[in-house]
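Now for the letters of each chain:
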Amino acid sequence: MNLVIDIGNTLRKIAVFNNDECVYCQSFSVITRDLLTSILNQFSIENSIISSVADVDVQVTEFLKTNTKLIHYTHQTKLPVTLLYQSVATLGLDRIANAVGAASMFRNRNVLSIQAGTCLVFDFVNEKGAYFGGSISPGMKMRFEALHEKTKKLPLIREHEKDIHFLGMNTEESILSGVIVGMCCEIDGLINEYKAQFNALVVLFSGGDAALLQKSIKNTIFAAPNVVLKGLNEIIKYNV
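In this text the structure is predicted, and so the values were computed from the model without any measurement.

Asks: Give a detailed account of the sheet that holds strand E6 (residues 82–83), specifying residues and quantitative values.
Replies: In space, the 6 strands of this open sheet follow the order E6-E9-E8-E7-E10-E11, with mixed pairing throughout. Edge positions in the open sheet fall to E6 and strand E11 (222–223), since each of these has one partner strand only. As defined by bridge partners, strand E7 (residues 111–116) adjoins strand E8 (residues 119–125) across 6 bridges and the pair is classed as antiparallel. The residue bridging Val 111 from the neighbouring strand is Val 125, located in E8. The strands that helix H4 (residues 140–149) touches are E8 and strand E9 (130–138); relative to E9, the one it contacts most, it runs at about 30°.

What follows is the structure in structure tokens.
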């Protein structure tokens, strides 16, 4: 079995794969040796990999090196996709894993994978398994915070469970419309641009804010949680 860890800007996820099947997946606020010990006691883990946007606790990596075959995941790691990005050294390892995961789910297809999390990220892989790149813009929380912090009187919107109206009739509704409706228009607009250039495009949608946004997106999209985790598992398989 394979243990994959994705440490993002907001969430830290751990998953266990038995070949292609995800048999365990949880999010944690912090990853420790004790936590990993508990997981390794539950599953027969052979290989592991870590993708992180920040430095990883040395104790965690040493523990995995001792108890599993840890794949050293860097920009030089062998991949089942071809990177055509012009500045690979600056490309986030999570974006690479996302591209690998998307390509593995729809082989020989043009795939656009969208992540709505801390940032709104688009990643495109063509039908030949070549990753070109995509786009990055602020995520939902970042947009709410920017409106509050960069102005004198706009409130910080934290809860947005209420219905979102295109025409905001008060300040709170106007902010909700500007951020959420604006993001949906941004997503639909970019999807349409990709569709105009690439035939039979498959669109995947994941991330913490995906559930809130996807019901207002006009294009056909596939809810695809844990694309990054699936990509990390594919990278392990490709290297062992």
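Asks: Which residues make up the side chain of Gln 115, and what values do they have?
Replies: Inspection of the secondary structure assignment puts Gln 115 in strand E7. With sequence-adjacent residues up to four places away left out, Gln 115 is seen in contact with Asn 98, Leu 120, Val 121, Asp 123, Ser 206 and Val 228.

Asks: Give a description of the packing of helix H3 (residues 93–105) against helix H7 (residues 227–239) that names residues and reports values.
Replies: Running from N to C, H3 and H7 cross one another at 85°; their axes reach a closest spacing of 7 Å. Here H3 lies roughly perpendicular to H7, going by the angle between them. Seen from H3, the contacting residues are Asp 94, Ala 97, Asn 98, Val 100, Gly 101, Ala 102, Ser 104 and Met 105; seen from H7, they are Val 227, Val 228, Lys 230, Gly 231, Leu 232, Glu 234 and Ile 235.

Asks: I'd like a description of the sheet that holds strand E1 (residues 2–7), backed by residues and values.
Replies: Across the sheet, which stays open at both edges, the 5 strands sit in the order E3-E2-E1-E4-E5 with mixed pairing between neighbours. The two strands at the open ends of the sheet, each matched to only one other strand, are strand E3 (21–28) and strand E5 (69–71). Ignoring which end each strand starts from, the neighbouring axes of this sheet average 20° apart. The sheet contact formed by E1 and strand E4 (residues 47–52) spans 6 bridges and is parallel. Of the residues in E4, the one forming a bridge with Asp 6 is Ser 51. Lying on the sheet, helix H2 (residues 58–67) is in contact with E1, E4 and E5; it crosses E4 at an angle near 160°. Running over the sheet, H7 touches E1, strand E2 (12–18), E3, E4 and E5 and is turned about 135° from E1.

Asks: For the pattern of salt bridges, give the residues involved together with the corresponding values.
Replies: Considering all chains together, one arrives at 6 salt bridges under this definition. For Lys 65, the salt bridge goes to Glu 62, with nearest N and O atoms at 3.7 Å. Of this pair, Lys 65 and Glu 62 both sit in helix H2, 3 residues apart, roughly one helical turn. According to the relative accessible area criterion, Glu 62 is partly exposed, its value standing at 38%. One salt bridge connects Arg 107 with Glu 234, and the closest N-O pair in it is separated by 3.6 Å.

Criteria and thresholds
- Residues numbered from 1 in each chain as written.
- Predicted model: local features only at pLDDT ≥ 70, side-chain atom pairs only at ≥ 80, totals over all residues.
- Heavy atoms only, no water.
- Pairing = 2+ DSSP bridges.
- Helix = DSSP H or I, 4+ residues; strand = E, 2+ residues; numbered from the N terminus.
- Contact = heavy atoms within 4.5 Å.
- Axes fitted to C-alpha atoms, helices over the stretch in contact; angles between N-to-C directions.
- Parallel < 35°, antiparallel > 145°, perpendicular 65-115°, else oblique.
- Salt bridge = Lys/Arg side-chain N within 4 Å of Asp/Glu carboxyl O.
- Buried < 20%, exposed > 50% of the residue type's maximum accessible area, 1.4 Å probe, protein only.

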